[in-house]
Every structure is written in structure tokens, then in C-alpha cells.
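Structural description and commentary
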Amino acid sequence: MPAAAFTMESTSTAILLLLLALLCLFLTLSPRSKSRLPPGPRPLPLLGNLLQLRSQNMVTSLTKLSKKYGSVFTVYLGSRRVVVLSGYQTVKEALVDQREEFSGRGHYPVFLHFTKGNGLVFSNGDRWKVLRRFSIQILRNFGMGKRSIEERILEEGSFLLEELRKTEGEPFDPKFVLSRSVSNIICSVLFGSRFDYHDERLLTITRLINENFQIMSSPWGEFYNIFPSLLEWLPGPHRRLFQNFGRVKDLIACSVRDHQASLDPSSPRDFIDCFLTKMAQEKQDPLSHFYMDTLLMTTHNLLFGGTETVGTTLRYAFLVLMKYPKVQARVQEEIDSVVRRARLPALEDRASMPYTDAVIHEVQRFADIIPMNLPHRVTQDTAFRGFLLPKGTDIITLLNTVHQDPSQFLMPQEFNPEHFLDANQSFKKSPAFMPFSAGHRQCLGESLARMELFLYLTAILQSFSLQPLGAPEDIDLTPLSSGLGNLPRPFQLRLRAR
Ligand code: HEM
């Protein structure tokens, strides 16, 4: 190419890029005429508020910004505008008092790229409503049927205890055995049966989901969510996210094919059977939300939601109970006096075990495993605290600031079960307990998760004492990394049979 032509071409490319940057700047900075946006740090074109967000993880940076700009403020993740809410009162006003307006699902590039909005967690509008209602109904049916969810959890808990006994007091890392066991409960609802702990499918599911939760809680995961198009071009662990998701999806697709081959609509065995039956019923309806991709993605969502969250909370509970042996001993005393040793703890015991209930709540508050919630979106122009948020604005609710709100918890930075006990040592609810979020998008696995946490922890502590390998006071409860999740640091422990 002649030099003159080359120079002209580079000049026009530069002009084009400049115009594009100016356009982005204009779109980023100009408030929509109707909106009155909350204040926030001044964004740079294309980069948004990267400079204010880059020094630490996002949750720490946003929490710091809330101290400067107040409980409602605006930030730009790249060129995407997001309104951030912090503190109990503000988050409650949005998610609970204005639940309808704040019920949209915000943009989450990692998940959106994979699900294309087909699964229930990352869908919006009618599709979300239909899939959510359907999933809740099916989960309920399987919980209240012949083999109730409690029975399933107790059965799975016994398999777990058997596996734990095999450690014979030797040090081990509880991570995978806990997630395999927890995952099996949702697997049995979705696929109709549990897996053996050495089954390749279960090992693959838990390993890949765990790895993805880890990547999404790392700077790579956060960076992908700010600059998805840029990261598409860069090497890094974020690339494994989609391979891993894809492999879990293939496993689900394989199970769906088996289900199709043996389906009897008059006696559905599990979630997949119910979904396939609904698909067949609505086959002629071009607007139906029941089709292969919504089946695969919704199953995928439930598997992801049902595996990593409870497993992570249990690991945090182990760490906390080892760091505070007196708390562990008091829970064991309560188990011994209410349940004794002849049978496993059951859900009906919970009402007579206020201390244990308070400890589990406090673990969830303190561990705060989804610190920024999943992103929400306002479904219409929304007046909120003197601002006007235009329809479609993405909202981050900082659940960490709710759980550490000093107006709600006496010593928010400390682990203290008294936060959930009244003067008579009876269990005391707190409206600021929001690990499952609140409002229309509230976690639909909450009741299942709460049953699992209670039944697993009490069964384990009935049979074993948890012993750290080092001094309890050296246990570090600060998360290893924070992003989508707060991840506890890896650890080993010994189980001493009681
Ligand atoms: C300790 C355990 C768990 C925690 C802390 C947790 C937390 C959360 C949070 C914070 C959300 C976002 C809510 C929002 O957008 O406002 C959520 C949503 C969700 N969770 Fe959970 N979860 C847990 C267990 C489970 C389990 C066991 C399941 C599976 C049955 C599950 C399924 C879901 C689903 C499907 C959604 C999406 C709801 C929607 O968008 O309508 N979760 N969860």
C-alpha cells in the first residue's frame, strides 16, 4: 500500500475512534432528560469509574464510595450506568417497599453471555414470572410429596456422616465432600436420584461449579463484568467460565435426553419430567416460555444456586465454630439436651433450639456470602429517595452494608450469636437478615437452604467436634476473595468423634 494512502487510512481511523469516544462520552455523561440521577464520582469515557474501583475488590470499593456519596449513588462500570444502594433502610425501601419497581434483573455479563436470558435467574418480564412460578411450584411438590425434602436431606446427611467417619480423625479439606453432598439434594429433585459420591457426573458438576464461583469472585470475574467485549479478546481464567458452564450444560442435556426416552407424563419423577411435560402441553403455543433452552438453563441455574451457596456457608460455619470453641460447645449442649444421641436432629427440633438457630443466622450474616446481591433493574421510571431512576437502570444492593449496619446489629463487625437472641435467650428475628435478599426476586431456594444448613450442621455436631489444626485464634475469617461471592480461605480440620 502506498505510504500516502496508509497515512490517510490511519487518520480516518483515528478520527472515527475519536468520534466514537466522544459519542460514548456524551451518552455516558448526559443525564436523560426525565431522570434525576443520584450523585457519584465523575466517570471517564469508556472506562467509567474504573479508577475509583480498581484499587480493591468491587464490594470494598463500592462500600467506600457509599461513605462519600451516601446511601444512593451512581457509578459507571465501563460505560454502563449503575445505581448503588447501601444500608438497611435504603435497601429495604427498594427491595421490600418498592418491590415491584425493583424486581427486574440487572445486566450480569458472565451469566447473560451463557444463558442468553433463558434461565429463570437472569430472565426478565413475563418469562421470569412464568419460570419462577413454575419452579417454585415444582420444588414444593417434590418437597411435600411422599419423599419430603426433609427426608431427602436426612438421608443425604447420613451418607455425609458416613463419609466423614472415614476420615478417622485425620486432617482433611471438607470442601468437596460438603459440596458433593449438598449438590446431591438439588440433583435428586432435578434429575430424580442422587449420585454416588464417586460418580463422575457429580464430581464434574461440583468441581466445575466450584471453579466458576471462584473465578466469578476473583478480579477476573469482576473485570469481565465491566469490560466483557475487551475480555473476550484476552487470555485468562475467565475463559474457563464458559467451558465449565458448557460442560455442566452438556451433562444436563444428556440427562434430558434420557428423561425424554422414558417419560411418563402421568407420573413425573423430577423437575425435568415436569418441565418436559409442560413443554409438550404448550408445544403449539409460539409464545410459550417452555422450550429446550429454558429447560437447560433453568436446571443449570437451580443446580448452580443449590450447590455452591450452601457449601460455602457450611465451610464458613466450620471455620467460625473452630475459632469460637465455646460457641461450638454450647450448640452441642443444646443438641444433646433437645435431641440426645439416639436419633438425628429433625426440623421440628429447631423451635426448641434457639441458640443453634441464632448461631446459623449469625454465620449467614457474618459470612455474607453474596455481598453485592445479584444485580437488579428498575422495571419502570422510578422515584426513589428524591431521585428519578429511568426505567432499565441497573441497581446494585450492597447486602454487606445491610448485614453490617450498626443501626441493626450491636457489634456488626464481630461474630456474635446474641445478634439473634433476645434478653430471655429466645430466638429473635432481624429484618436486616438478608442473605437471601428480599422482595420479588428473593432466593427461591431459601427454605431448602435453611433446612439444609440446620440439618447438616446439627447432624455433624451431634456426632463430631470440629478441631482446627492450629490455634483457634489464628483462624482467619476474612474472605480469600470477594466478588460474586465471599470465599472463605481454604482450610483443613480434624473431626473428633463424640
Ligand atoms: C445459603 C444458601 C443460599 C444463599 C445465601 C442464596 C442467596 C441468593 C441471593 C442473594 C439471590 C439473589 C436474590 C435477588 O436477586 O434479590 C438468590 C437468588 C436465587 N437463588 Fe439462592 N441462595 C441460596 C441457596 C439457594 C438454593 C439451595 C437454590 C436452589 C433451589 C437457590 C436458587 C436461587 C434462584 C433460582 C434464584 C433466582 C431468583 C430469581 O431471580 O427470581 N438458592 N439466592
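Here, every reference points to the structure presented above.
These numbers come from a predicted model, not from an experiment. (Residues numbered from 1 in each chain as written. Predicted model: local features only at pLDDT ≥ 70, side-chain atom pairs only at ≥ 80, totals over all residues. Heavy atoms only, no water.)

1. A look at the packing of helix α7 (residues 149–165) against helix α18 (residues 446–463)
Just so we agree on the cut-off: Note on geometry: axes are lines fitted to C-alpha atoms, helical ones only across the stretch in contact, with angles between N-to-C directions running from 0 to 180 degrees. A run of H or I in DSSP counts as a helix once it spans at least four residues, and a run of E counts as a strand once it spans at least two, with each numbered from the N terminus. When the near helix sits turned anticlockwise from the far one by under a right angle, the crossing is termed left-handed; a clockwise turn instead gives a right-handed crossing. Two residues form a contact once any of their heavy atoms are found within 4.5 Å.
As a packed pair, α7 and α18 sit with axes 10 Å apart at the nearest point and diverge in direction by 35 degrees. With respect to the hand of their crossing, α7 and α18 are arranged in right-handed fashion. Of α18, the residues touching α7 (which contributes Ile149, Glu150, Ile153, Leu154, Glu156, Gly157, Leu160, Leu161, Leu164 and Arg165) are Leu448, Met451, Glu452, Leu455, Tyr456, Ala459, Ile460 and Ser463.

2. Some details on empty space enclosed by the protein
Heads up, the rule is: For each structure, a 1 Å grid was placed over the protein atoms alone; sets of points admitting a 1.4 Å probe that cannot get out are labelled cavities, open sets with protein on both sides within 12 Å along at least five of seven lines are labelled pockets, and lining residues have an atom within 4 Å of a point. Grid points are joined across faces, edges and corners, and a volume is the space filled by probe spheres set on the points. Each residue gets one label: Ala, Val, Leu, Ile, Met, Phe, Trp, Tyr, Cys and Pro are nonpolar, Asp, Glu, Lys and Arg are charged, and the others, such as Gly, are polar.
Per the counting criterion, the structure on display carries 5 cavities of 30 Å³ or more. Taken together, 42 residues form the lining of the largest cavity, with Gly305, Thr309, Leu374, Cys443 and Leu444 sitting closest to its centre. Taken together, the elements giving at least two residues each to the lining of the largest cavity come down to α5 (109–115), α6 (125–144), α14 (292–323) and α18. The element best represented in the lining of the largest cavity is α14, accounting for 10 residues. Tallied by class, the residues present in the lining of the largest cavity amount to 24 nonpolar, 13 polar and 5 charged. In this structure, the second largest cavity spans a volume of roughly 260 Å³. Taken together, 19 residues make up the lining of the second largest cavity; nearest its centre are Met58, Tyr108, Asn225, Met372 and Ile396. Listed by contribution, the elements that provide at least two residues to the lining of the second largest cavity are β2 (80–86), α10 (219–226) and β7 (394–398).

3. Some remarks on the pattern of salt bridges
Keep this limit in mind: Think of a salt bridge as a Lys or Arg side-chain nitrogen and an Asp or Glu carboxyl oxygen that are within 4 Å of each other. To sort residues, take the accessible area from a 1.4 Å probe on protein chains only and compare it with the maximum for the residue type: under 20% means buried, over 50% means exposed, and anything in between is partly exposed.
Applying the stated criterion across every chain, the model contains 15 salt bridges. A salt bridge links Asp199 to Arg201, with the nearest nitrogen and oxygen atoms 2.8 Å apart. Taking the relative accessible area as the measure of exposure, Asp199 reaches 17% and is therefore buried. Classification of Arg201 as partly exposed rests on a relative accessible area of 43%. Among the ionic pairs, Glu362 bridges to Arg365, the shortest N-O distance being 2.8 Å. Here Glu362 and its partner Arg365 are both found in helix α16 (residues 354–367), 3 residues apart, which amounts to about one turn of the helix. Arg365 sits in the buried class, given a relative accessible area of 2%. Residues participating in the shared-partner salt-bridge network are Arg80, Arg377 and Asp394.

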